[in-house]
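# Examining the three-dimensional arrangement
Below, each chain spelled out in residue letters.
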Amino acid sequence: MPTRHTPESIVIADTPAAILEWAARHIEHVGIHQGTRLFAGPGRTATLPCWPRGALEVAAGHGRGAADRTYNWDRIGLARDQAFAILAETLTGHAVDADDPAAKALHREAIDRWSSEPGRTAAAAAHAFRTAAARAEHALF
């Protein structure tokens, strides 16, 4: 069964590449919004933001799990963190030391800086997600 790339889907990706691809489709579906319009997209709520980092969180299941379904949240969380790392590396052109205790925060900061640049589009974000997804397919985590 193919993954349903919609905010309503209860299917949650559990690999970095699949999370990045899901996020690309999500951002194409809802668009990208900046500043005060962050939650202004179609069908968005306070837990489903319309920006790249939010799309990654949604792709990794934030606000989408089904009560009657079992998920491997440890695996999903690890894959989400790896997706953040490879996306940040793709956007900045360099890796953040994974042994650095602040690595997760640095990844998110790099993504947020990129996302907040004026004129950023959903198409550019989706392209970045897919570029990172292609890299994730070949990465050894």
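One structure accompanies this document, and this report is about it. (Residues numbered from 1 in each chain as written. Predicted model: local features only at pLDDT ≥ 70, side-chain atom pairs only at ≥ 80, totals over all residues. Heavy atoms only, no water.)

Considering all chains together, one arrives at eleven salt bridges under this definition. Here Lys104 and Asp81 are joined by a salt bridge, their closest N and O atoms 3.1 Å apart. Remark: Asp81 occurs in helix H3 (residues 73-92) and Lys104 occurs in helix H4 (residues 103-115); sequence separation between them is 23 residues. You can call Lys104 partly exposed: its relative accessible area is 46%. Three or more residues joined by partner-sharing salt bridges are found here, namely Glu21, Arg25, Glu28 and Arg130. (Salt bridge = Lys/Arg side-chain N within 4 Å of Asp/Glu carboxyl O. Helix = DSSP H or I, 4+ residues; strand = E, 2+ residues; numbered from the N terminus. Buried < 20%, exposed > 50% of the residue type's maximum accessible area, 1.4 Å probe, protein only.)

Secondary-structure assignment places Arg113 in helix H4. By relative accessible area, which is 48% here, Arg113 ends up partly exposed. Placed 22 residues apart in sequence, Arg113 and Leu91 show a C-alpha to C-alpha distance of 9.8 Å.

What follows concerns helix H5 (residues 122-137). Across its 16 residues, H5 extends 22 Å between first and last C-alpha, which sits within 8% of the 22 Å expected from 1.5 Å per residue. Along H5, the residues that are buried comprise Ala122, Ala125, Ala126, Ala128, Phe129, Ala132, Ala133 and Ala136. Each buried residue of H5 lies within a common arc of 160 degrees when the element is viewed along its axis, so the set occupies one face. The exposed set on the far side of H5, more than 90 degrees from its buried face, consists of Ala123 and His127. Where H5 is buried, its residues meet helix H1 (16-30), helix H2 (52-59), H3 and H4. (Expected span 1.5 Å × (residues − 1). Arc of directions from axis to C-beta. Contact = heavy atoms within 4.5 Å.)

Under the definition given, this model contains one aromatic pair. Seen in terms of ring centroids, Tyr71 and Trp73 are 5.1 Å apart; in terms of plane orientation they differ by 45 degrees. Their pairing is tilted. For Tyr71, a relative accessible area of 14% corresponds to the buried category. Lying over the aromatic face of Phe84, Arg108 brings its terminal NZ or CZ to 3.9 Å of the ring centre. It is Arg120 that lies over the ring of Trp114; its NZ or CZ is 3.7 Å from the centre. (Phe/Tyr/Trp six-rings, centres within 6.5 Å; stacked < 30°, edge-to-face > 60°. Lys NZ or Arg CZ within 6 Å of the ring centre and 35° of its normal.)

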